[in-house]
There are 2 protein chains.
Amino acid sequence: MGPTVTSRVLRLLEVFAPDRPRLTLSQLSRRAGLPLTTTHRLVGELAAWGALERDDEGRYRIGLRLWEVAALAPRGLGLREHAMPYLEDLYEATRQNVQLAVLDGTEALYLERLSARGAVGVISRVGGRLPLHATGVGLALLAYAEPEVQERVLAGPLPRFTPYTVTNPRDLRRKLAEVRRAGVAISDRLLELTALSVAAPVFGAAEEPVAALSIVVPAGEPPGPYIPAVRAAARGVSRALGSPRARAWPPSALRNLGTPAP
Amino acid sequence: MGPTVTSRVLRLLEVFAPDRPRLTLSQLSRRAGLPLTTTHRLVGELAAWGALERDDEGRYRIGLRLWEVAALAPRGLGLREHAMPYLEDLYEATRQNVQLAVLDGTEALYLERLSARGAVGVISRVGGRLPLHATGVGLALLAYAEPEVQERVLAGPLPRFTPYTVTNPRDLRRKLAEVRRAGVAISDRLLELTALSVAAPVFGAAEEPVAALSIVVPAGEPPGPYIPAVRAAARGVSRALGSPRARAWPPSALRNLGTPAP
DNA sequence: GTGACTCTTCCGCTCAGCGGAAGCCATGAT
DNA sequence: ATCATGGCTTCCGCTGAGCGGAAGAGTCAC
C-alpha cells in the first residue's frame, strides 16, 4: 500500500459501499485519507473517463463505464451468463429466491439473485458478501474449496447469527463432510430464523468448484423436494461450463438414449 | 489524454473487450500502447488489489473485486435491482426475451437480459452496447432524451442493418414523434430480420427518462398484445423509482394502440 | 454580516514513476 | 545441442508528473 498513484486511485474506488453509493468530493477525500487537492485531481480524471459520474447535486457515484468494463469479468457476468437459464428454470419452478455465488477469499460473493415478490426475504444482495459457514451457497463452496481455505475459515471466528448457526469448528467439519457426501448443502436457519436454503456446487471445465447455486424458502418447509431440482440445476450449469464431472453423471440415462453422444 | 498514471491505468482496463476478456502481459502492453515494464508494474498493482486476476496460464482478466465495486453503480445494478421484479413478470408472461437498457452517450447500454431457451436469438449482451436508431429500447430512450443527444444521433451516421432500418434523419424524426405519442417504441426488424421488439421508457423521481425496457419476439408476431404489458412493466419500474409521472394514470389520449407500418 | 462548509485553481519543490538494459524461462525450429 | 523467439521479471539512475499548501470563490444557515 505504498503512496503510489495507482493505490490512491483504487483507494478512492474502495470508499464506495452499499450504504454510501454517492459521495461528495470532501467525503471521498476524508474516507480515502487523501488530501483534498489530490482527491480533486484524481477524481476529476476518473470522472472524465467515466469510472465515476457526478449527479445533479455534484456528488460522485460509480460510473457506467466502470460497470461496463467490470461486466467482462469471466468469474462475474461470464459465469452468470452460463448459469442464467438454469437459474430461471429453478426460479420458475419454485417462485422463491434463487441465488448464484462464488468463493472470493473466505467469503461468498453473490453474483445473482432472483426473487419473487412474495418470497421470503433474504439479506443477500447482488455484489454483496456473506460468510461461508452460515449460508447454503457458502457451505457448498467451502465443502469443495481448497484445504487451505477451509482451514482459514475453520480457524477464524465463526460469528453466530441464530441459535442454529454452526459456530464450532468440529461441528462445521462434520457438516462439510455431510455436504460432500450428499452433494448438496442445507442451511436450516443458520443465517436467519425465517429462511432455509438448499445449495449445490457448480464445477468448471477442470473439475474445479467455481460457484454454488441455491434456492431459499421459508423455514419450516421440508427441503427434500427441492434437492433434486437444485442438484439438477447445478449439474446443468456445470455441463454448460464444460465440466467432465457433469457429463459423466447424466441426469437420466434413459432420456439420453435418443440423443446421439457428442 | 496526458501521460498521467491514472490515464494509463484506465487505458489498461479499456483494453479488455467482450471478444478478448483474457490477455497476457505483452498483449496488454501492446494494446494499451505502454512500455512492457510500465505495464508490468501497473498491472501488478491492479492484480494485487483485485481489479485484475491471473488465470492458470498467467493471463490477466477483470477481477471480481472490480466487479464488486462496479456493482454499486446506481445507474447499473441499482436500477436493475428496482426493475428486476417487473422484468421477471414480463418474462414469465411471455417466455421471450426481456431487456433493460440505459442511455450512455449516443448508444444504448444493456443492463439486463432475460432469455428463454427457445426464444428468438438476439445479439444484445449484458454490458454491451447497441445503436439507438435500430433497437426498441434505443428508440424509446432517444425519443425522450435531451434534444442535444437527439441532434447528435440524427446528425451522425445511421448505419443500416436490414432493409427496414431507419437510416434517414427525417424518417427517424417522424418515428420518434410517433414513439412519444404512443408511449411505446416498436422496432420491427430494424436490427435483425428475425426479431421485433416492443419497448417503453422508464422515468425517475425527477420525471427524467432513466432507462427503457423491451421484449423481443419473433418477427411476424403482431406487436399489439404486448404493448399493454410492456407499458405496465415500464410504469411499474417508474413507480418503484419514485416517478410522479407513474403515480398519475396516463392521459387517456395515449390510448392510441395503432401499430405503425414497417 | 459571520462562520462553516463546499469546491476549484495555481504553482514551485521533490520523490514516485519511468523505461532501457539485462537476464530468466519457456517453446519450437534447425 | 544450438539458436531463435516470445514471453515475463528484476534492477536502477534520471527526471518531470504528481503533490499538496495556499488562496480564493461559491453556497448555505443562522
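Anything mentioned here points back to the structure above.
Residues numbered from 1 in each chain as written. Chains lettered and ligands numbered in written order. Predicted model: local features only at pLDDT ≥ 70, side-chain atom pairs only at ≥ 80, totals over all residues. Heavy atoms only, no water.

1. Topic: the protein's contact with DNA strand C
Note the cut-off: One heavy atom suffices: a residue is near a molecule or strand as soon as one of its heavy atoms comes within 4 Å of it. We call two N or O atoms a polar contact when they sit within 3.5 Å, provided that within protein one can donate a hydrogen and the other can accept it, with sequence-adjacent residues counted only if both atoms are side-chain atoms. Numbering of helices and strands runs from the N terminus, with a helix taken as a DSSP run of H or I at least four residues long and a strand as a DSSP run of E at least two residues long. Residues are grouped as follows: nonpolar covers Ala, Val, Leu, Ile, Met, Phe, Trp, Tyr, Cys and Pro; charged covers Asp, Glu, Lys and Arg; every other residue, Gly included, is treated as polar.
For DNA strand C, the set of nearby residues contains 17 residues, the closest of which are A:Thr4, A:Val5, A:Ser26, B:Thr38 and B:Arg41. Taking all atoms of DNA strand C within 4 Å of the protein, the share assigned to sugar and phosphate is 70%. One nitrogen or oxygen atom from the side chain of B:Arg8 is found 3.2 Å from a phosphate oxygen belonging to DNA strand C. Side-chain polar atom of B:Thr38 to a phosphate oxygen of DNA strand C: 2.7 Å apart, as the coordinates give it. Listed by contribution, the elements that provide at least two residues to the surface near DNA strand C are α2 (25–32) and α3 (36–49) of chain A together with α1 (5–14) and α3 (36–49) of chain B. Its residues placed into classes, the surface near DNA strand C shows 6 nonpolar, 7 polar and 4 charged.

2. What about helix α6 (residues 136–143) of chain A?
All names here are of chain A. To keep things clear, this is the line we draw: Exposure categories follow from relative accessible area, calculated using a 1.4 Å probe and restricted to protein chains: below 20% of the type maximum is buried, above 50% is exposed, and the middle band is partly exposed.
With 8 of 8 residues buried, α6 is to be regarded as a mostly interior element. Regarding α6, the residues found buried are Gly136, Val137, Gly138, Leu139, Ala140, Leu141, Leu142 and Ala143. Two to three positions downstream of the cap, the backbone nitrogen of glycine 138 sits 3.0 Å from a side-chain oxygen, assigning the N-cap of α6 to threonine 135.

3. Thoughts on the pairing of strand β5 (residues 107–115) of chain A
All names here are of chain A. Short version of the rule: Should DSSP find at least two bridges between two strands, the strands are regarded as paired.
Counting buried positions along β5 yields 7 of 9 residues, so the element is predominantly enclosed. As judged from the 8 bridges shared by strand β4 (residues 97–104) and β5, these two strands associate in the antiparallel manner. Bridge pairing in β5 links valine 98 to leucine 114. Turn length for the β4-β5 hairpin, with the two strands adjacent in sequence and antiparallel, is 2 residues, and the turn residue glycine 105 shows positive phi of about 70 degrees.

4. Notes on the pattern of salt bridges
All names here are of chain B. Stated precisely, the cut-off is as follows: For salt bridges, the criterion is a side-chain nitrogen of Lys or Arg within 4 Å of an Asp or Glu carboxyl oxygen.
Going through the model one piece at a time under the given rule, you end up with 34 salt bridges over all chains. In this structure, arginine 129 and glutamate 107 form a salt bridge, with 3.3 Å as the shortest nitrogen-oxygen distance. Placement of the pair is arginine 129 in strand β6 (residues 129–131) and glutamate 107 in strand β5 (residues 107–115), with a sequence separation of 22 residues. The shortest N-O distance in the salt bridge between aspartate 188 and arginine 189 comes to 3.1 Å.

5. A closer look at the pairing of strand β7 (residues 185–188) of chain A
Only one face of β7(A) is buried, namely the one carrying A:Ala185 and A:Ser187, since none of A:Ile186 and A:Asp188 on the opposite face is buried. Taking the residues that link successive antiparallel strands as the turn, the β7(A)-strand β8 (residues 195–203) of chain A hairpin has 6 residues, and the phi of A:Arg189 there is positive, at about 60 degrees.

6. Quick notes on the relation of the copies chain B and chain A
Stated formally: The copies are overlaid by a least-squares fit using only the C-alpha atoms of residues whose pLDDT is at least 70 in both copies.
With an RMSD of 0.0 Å, the operation that places chain B on chain A is a rotation of 180 degrees combined with a shift of 0.0 Å along the axis. The operation mapping one copy onto its partner corresponds to a two-fold rotation axis.

7. A few points about the sheet that holds strand β2 (residues 52–54) of chain B
The strands that make up a sheet are held in pairs by hydrogen bonds between backbone atoms, and each pair lies either parallel or antiparallel. Residues and elements named next belong to chain B. Taken in spatial order, the 3 strands make up an open sheet running β1-β3-β2, and their pairing is antiparallel. With partners counted over all chains shown, the strands left at the sheet margins are β1 (22–23) and β2, one partner each. As judged from the 3 bridges shared by β2 and strand β3 (residues 60–62), these two strands associate in the antiparallel manner. By the bridge assignment, glutamate 53 is partnered in β3 with arginine 61.

8. Let's talk about the sheet that holds β4(A)
Residue and element names in this part refer to chain A. Going by this rule: Every angle, taken between N-to-C directions, lies between 0 and 180 degrees, and every axis is a line fitted to C-alpha atoms, over only the stretch in contact when it is a helix. Contacts: residue pairs with any heavy atoms within 4.5 Å of one another.
Pairing is antiparallel across the open sheet formed by 6 strands, whose spatial order is β6-β5-β4-β9-β8-β7. Here the strands that pair on one side only, and so sit at the sheet edges, are β6 (129–131) and β7. Sheet twist, expressed as the mean angle between neighbouring strand axes with direction ignored, is 30 degrees. Seen against the sheet, helix α9 (residues 226–240) touches β7, β8 and β9 (209–218) and runs at an angle of roughly 30 degrees to β8.

9. As for the protein's contact with DNA strand D
Around DNA strand D sit 17 residues, and of these A:Thr38, A:Arg41, B:Thr4, B:Val5 and B:Ser26 come closest. When atoms of DNA strand D within 4 Å of the protein are split into backbone and base, the sugar-phosphate part holds 71%. B:Arg30 has a polar side-chain atom sitting 3.4 Å from a phosphate oxygen of DNA strand D. With respect to DNA strand D, the side chain of B:Arg54 contributes an N or O atom lying 3.0 Å from a phosphate oxygen. Broken down by secondary-structure element, the contributors of at least two residues to the surface near DNA strand D are α1 (5–14) and α3 of chain A together with α2 (25–32) and α3 of chain B.

10. Some thoughts on the side chain of A:Thr162
All names here are of chain A. One can find threonine 162 in the loop between α7 (147–155) and α8 (169–182). Residue threonine 162 is classed as buried on the basis of its relative accessible area of 4%. At 3.0 Å, the side chain of threonine 162 and the backbone nitrogen of tyrosine 164 are in polar contact. Beyond its immediate chain neighbours, meaning those up to four positions away, threonine 162 contacts Arg189, Leu190, Leu191, Glu192 and Leu193.

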